[in-house]
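Residue-level structural notes
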Amino acid sequence: MNVRLISFLSLIICGTLLSVALALFEAGQNLPPTAAPLFELMGKPLKTADATLTRILPIDDVDEAQLGNAIALRYEAYRDKNDPDQIYLENLVRNLSRDSEKGFDYRVFILPYSSPNAAAAPGGVLFVTGGLLKMVESESELVSVLGHEIGHVELGHCMDLVRFQLLAEKMEARPLGEIADLAVGIMLLPSFSKTQEADADRYGFQMLIKESYNPFGMANAFEKLAALDPDAMESANPLTEYFRSHPYSILRAERYRSEATQADLERYYVGERNLKERISRFDTEYPDEWLGE
Ligand SMILES: [Zn+2]
């Protein structure tokens, strides 16, 4: 157990964790190493007593699907099955991941943050903020972001990073629920390489092409992200996935605008109405949303 973890655990015992976590957010510093305080701040109870989550496992024995299931179980309070946004996102993610080579059961959670962001965790668990749903203007743009996150899972980036970080902590056996918190904590502070980010961008773009969505959806989404004030976002939202630097989003937008032009699709689907009505194109295709020809 390292010093950071010991001090973190003692904070829980002291009951001062929430104010410390708040101070960390405001200062824009690194979060504590597990995700639990972040979720506690959002006010919904985390599942604790389930036998799956209390089961103690050696870190080496945790497989990715099992970890994804544990994360989904632990944070299930963040999945309101009657919420139209939730139903819409689940429909999209289920359809977009139907050819998943990993065979994961993809799940999605909506975090109540106003700045646009998204993240992925091992085993096919995706997080998007309410701000992202407000920022995008068509299903194509939303799919480009979801495709990028699915890419991080399918390309093995998430599990590689979690494994690497947990091994670096020199941990041995832990309750699965705690491993789930550690994994989500790691994923909300992503340290993917630029190559991994570029590969996830490509995965998202190829998803647009494969599904005949507007190939400009990705460049549009990056342009909107680039137009946001990064300072205002950093302090408001602990997810750093899309913050990066301002010029970086502009470069990604330029690159994928050019890729979309070269793709030269005869027809493609935009999906503004689908997004507005929260009805996935996989459920209803509107003829007016097809462009080109
Ligand atoms: Zn990414």
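Residues numbered from 1 in each chain as written. Predicted model: local features only at pLDDT ≥ 70, side-chain atom pairs only at ≥ 80, totals over all residues. Heavy atoms only, no water.

**Focus: the overall build of the chain**
Note the threshold: Per the convention used, a helix needs a DSSP run of H or I reaching at least four residues, while a strand needs a run of E reaching at least two, with both numbered from the N terminus. Each residue's exposure class comes from its accessible area (1.4 Å probe, protein chains only) as a fraction of the maximum for that residue type: buried when under 20%, exposed when over 50%, partly exposed otherwise. Contact definition: two residues touch when any of their heavy atoms are within 4.5 Å. In this description, accessible areas are obtained by the Shrake-Rupley approach with a 1.4 Å probe, and a residue is regarded as covered only by the protein chains that are shown.
In terms of regular secondary structure, the chain is built from 15 helices and seven strands. Residue burial in the chain is summarised as follows: out of 293 residues, 53% are buried. Long-range pairs, those at least 24 residues apart, make up 71% of the contacts in the chain between residues at least 6 apart in sequence. About 13200 Å² of surface is accessible on the chain, with carbon and sulfur atoms providing 52% of the total.

**Notes on the sheet that holds strand β2 (residues 107–111)**
Hydrogen bonding along the main chain pairs the strands of a sheet, whether they run parallel or antiparallel. The condition that has to hold: We call two strands paired when DSSP finds no fewer than two bridges between them. To obtain an axis, a line is fitted to C-alpha atoms, over the contacting stretch when the element is a helix, and the angle between two such axes runs from 0 to 180 degrees between their N-to-C directions.
Reading across the sheet, the three strands line up as β2-β4-β3 and stay open at both edges, with mixed pairing between neighbours. Two strands bound the open sheet, and with one partner strand each, they are β2 and β3 (118–121). When strand polarity is set aside, the average angle formed by the axes of neighbouring strands in this sheet is 20°.

**So, the side chain of Thr129**
In plain terms, the rule: Nitrogen and oxygen atoms within 3.5 Å of one another constitute a polar contact, given that in protein one can donate a hydrogen and the other can accept it, and given that sequence-neighbouring residues count only through two side-chain atoms.
Secondary-structure assignment places Thr129 in strand β4 (residues 125–129). Within the structure, Thr129 has its side chain in polar contact with the backbone nitrogen of Asn117 (distance 2.9 Å).

**Remarks on the pairing of β2**
One face of the sheet, then the other: side chains in a regular strand alternate in exactly this way. Burial of β2 is extensive: five of the five residues sit out of reach of the surface. Side-chain alternation along β2 places Arg107, Phe109 and Leu111 on one buried face and Val108 and Ile110 on a second face that is also buried. One ladder, built from five bridges, connects β2 with β4; its direction is parallel. When the bridges of β4 are listed, Arg107 appears paired with Val125.

**What to know about the environment of Ala35**
The residue Ala35 is located in the loop between α2 (17–27) and α3 (36–41) in this model. For Ala35, a relative accessible area of 1% puts it in the buried group. As for Ala35 and Met187, which are separated by 152 residues in sequence, their C-alpha atoms are 9.0 Å apart. When neighbours within four sequence positions are excluded, Ala35 is seen to be in contact with Tyr75, Asp181, Val184 and Gly185.

**Focus on the confidence of the model for the chain**
Our working definition: Scored between 0 and 100, pLDDT is the confidence that the predictor attaches to each residue.
In the predicted model, the chain carries a mean pLDDT of 83, and the fraction of residues at 70 or more is 82%. This model gives residues 1–31 a pLDDT under 50, and the stretch forms 39 contacts once residues within four places in sequence are excluded.

**Quick look at helix α10 (residues 176–188)**
Basically, it comes down to this: By this rule, a helix spans an expected 1.5 Å times one less than how many residues it contains.
An ideal rise of 1.5 Å per residue puts 18 Å on 13 residues; α10 measures up with 18 Å between its terminal C-alpha atoms. The buried fraction of α10 is high, at twelve of 13 residues. Listed in full, the buried residues belonging to α10 are Leu176, Gly177, Ile179, Ala180, Asp181, Leu182, Ala183, Val184, Gly185, Ile186, Met187 and Leu188.

**Notes on unusual backbone geometry**
Of note, the phi angle at Lys170 is positive, near 55°, even though the residue is not glycine. With respect to the secondary-structure elements, Lys170 resides in the loop between α9 (157–168) and β5 (173–175). Although it is not a glycine, Arg278 adopts a positive phi angle of roughly 55°. With respect to the element layout, Arg278 can be found in the loop between α15 (272–277) and β7 (290–292).

**Overview of the packing of aromatic side chains**
To keep things clear, this is the line we draw: A pair of aromatic rings is counted whenever rings of Phe, Tyr or Trp (Trp by its six-membered ring) have centres within 6.5 Å, and the orientation is called stacked for planes under 30 degrees apart, edge-to-face for over 60 and tilted otherwise.
Scanning the entire structure with this criterion turns up five aromatic pairs. Measuring from ring centre to ring centre gives 6.5 Å for Tyr213 and Phe282, while their planes differ by 70°; the resulting arrangement is edge-to-face. Here Tyr213 is found in the loop between α11 (194–210) and α12 (217–227), whereas its partner Phe282 is found in the loop between α15 and β7, with 69 residues between them in sequence. Look at Tyr213 and you get buried, because its relative accessible area is 0%. For the pair Tyr269 and Trp290, a centre-to-centre distance of 5.3 Å together with 75° between the ring planes defines the contact as edge-to-face. With Tyr269 in strand β6 (residues 267–269) and Trp290 in strand β7, the pair connects residues that are 21 residues apart, well separated along the chain. A connected cluster of aromatic rings, assembled from ring pairs, spans Tyr213, Tyr269, Phe282 and Trp290.

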